[in-house]
Amino acid sequence: MTLRVLGIDPGLTRCGIGVVDVEPNRKAVLVHYSVVRSDILAEIDQRLLVIGRGIDAALDEFTPNAVAVERVFAQHNLRTVMGTAQVSGLALHAAARRGLQVGLHTPSEVKAAITGYGNADKKQVQTMVARVLSLAEPPQPADAADALALAICHAWRGGLRAPSTAPGAAGAAALTPAQAAWARAEKTARGRS
């Protein structure tokens, strides 16, 4: 069964969107990529509205089986991490509203899945995304390539279970060690609250 995954590289100024179809043998085919942009001079609510509408439009047009979103990680720039977190929330909400499977992946997890190296730079990721998708040139801009990398990573790292298969059921893909560690950490944190 072909799995269609929509990847979202969340950003308040530029939100990358990438859609791939992935076969059980891991062959990935490009469906679409784009970047939703918001005006940096607009108020935050209007910027989020623009990005949210772009995410909704992509979900409605491409009807994925699953959505992959970059996991927000701590950065030194609080404004950047806040905008990224807000857009991630929009993406998670839009996917949940449609009953879609959602996977959260760290940047290093995505880089390792696509390039084999968790500290790969943007150019290396773009080059490998182009190679995996049999594209003549790397996808531009980098936000779109990152979204495609997220979608491919999700499919390759456990997103290939059938939509009706419950996690942990026979045939469901196992979590990677990084995903398992993160799940344990989240479970522990929930137990404390």
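Just so we're clear, the structure is a prediction, and the values are computed from it rather than from any experiment.

(A) Structural view of the sheet that holds strand S5 (residues 101-105). Pairing is mixed in the open sheet, where five strands are placed in the order S3-S2-S1-S4-S5. The open sheet has two free edges, formed respectively by strand S3 (28-37) and S5, since each of these has just one partner strand. Here the average twist between neighbouring strands, direction ignored, is 20 degrees. Where strand S1 (residues 3-9) and strand S4 (residues 66-70) come together, four bridges link them in parallel fashion. Bridge pairing in S4 places Leu6 opposite Val67. Across the sheet, helix H1 (residues 44-62) lies against S1, strand S2 (14-22), S3 and S4, angled at about 155 degrees from S3, the strand it touches most. Strands S1, S2, S4 and S5 of the sheet are contacted by helix H2 (residues 78-97), whose axis makes an angle of about 170 degrees with S4.

(B) Looking closely at the UniProt feature "active site" (unreviewed entry) in the protein chain. In the UniProt entry, the feature "active site" (unreviewed entry) is given for Asp9, Glu70 and Asp143. Spatial clustering of the annotated residues is evident: they stretch over 135 residues in sequence, but the largest pairwise C-alpha distance comes to 11.2 Å. Structurally, Glu70 can be placed in strand S4. With sequence-adjacent residues up to four places away left out, Glu70 is seen in contact with Ile8, Asp9, Pro10, Ser88, His105, Pro107 and Leu150. Considering the arrangement of structural elements, one finds Asp143 in helix H5 (residues 142-156). Overall, Asp143 belongs to the buried group, its relative accessible area being 12%.

(C) Just the UniProt feature "binding site: Mg(2+) 2" (unreviewed entry) in the protein chain, in detail. The UniProt record marks Glu70 with the feature "binding site: Mg(2+) 2" (unreviewed entry), using the residue numbering of this structure. Given a relative accessible area of 15%, Glu70 falls into the buried group.

(D) Structural detail: the packing of aromatic side chains. In the structure shown here, the tally under the stated rule is zero aromatic pairs. Just above the ring of Trp156 sits the side chain of Arg26; from NZ or CZ to the centre is 4.3 Å.

(E) The nonpolar core, seen in detail. Val5, Val20, Ile114, Val129, Leu133 and Ile152 are the most contacted members of the largest nonpolar core, which totals 23 residues. Contributions of two or more residues to this core are made by S1, S2, S4, helix H3 (107-115), helix H4 (122-132) and H5. No other element matches H5, which puts eight residues into this core. Within the second largest apolar cluster, 20 residues are counted, among which are Leu12, Cys15, Val36 and Val69.

(F) Just the environment of Val36, in detail. Examined against the element boundaries, Val36 turns out to sit in strand S3. Residue Val36 is classed as buried on the basis of its relative accessible area of 13%. In sequence terms Val36 and Gly52 are 16 residues apart; their C-alpha atoms lie 9.1 Å from each other. Aside from chain neighbours lying at most four places away, what touches Val36 is Thr13, Arg14, Cys15, Ile17, Val50, Ile51 and Gly54.

(G) Representation of the pattern of salt bridges. Inspection of every chain in the model, using the stated rule, returns six salt bridges. Among the salt bridges present, the one from Arg97 reaches Asp56, with a minimum N-O distance of 2.9 Å. Of this pair, Arg97 sits in helix H2 while Asp56 sits in helix H1, placing them 41 residues apart in sequence. Judged by its relative accessible area of 48%, Arg97 is partly exposed. The closest approach of N and O atoms between Arg98 and Asp60, which form a salt bridge, is 2.9 Å.

Rules used in this analysis
- Residues numbered from 1 in each chain as written.
- Predicted model: local features only at pLDDT ≥ 70, side-chain atom pairs only at ≥ 80, totals over all residues.
- Heavy atoms only, no water.
- Pairing = 2+ DSSP bridges.
- Helix = DSSP H or I, 4+ residues; strand = E, 2+ residues; numbered from the N terminus.
- Axes fitted to C-alpha atoms, helices over the stretch in contact; angles between N-to-C directions.
- Contact = heavy atoms within 4.5 Å.
- UniProt positions renumbered as here; feature names shortened; annotations may be inferred.
- Buried < 20%, exposed > 50% of the residue type's maximum accessible area, 1.4 Å probe, protein only.
- Phe/Tyr/Trp six-rings, centres within 6.5 Å; stacked < 30°, edge-to-face > 60°.
- Lys NZ or Arg CZ within 6 Å of the ring centre and 35° of its normal.
- Core = buried A, V, L, I, M, F, W, Y, C linked by side-chain atoms within 4.5 Å.
- Salt bridge = Lys/Arg side-chain N within 4 Å of Asp/Glu carboxyl O.

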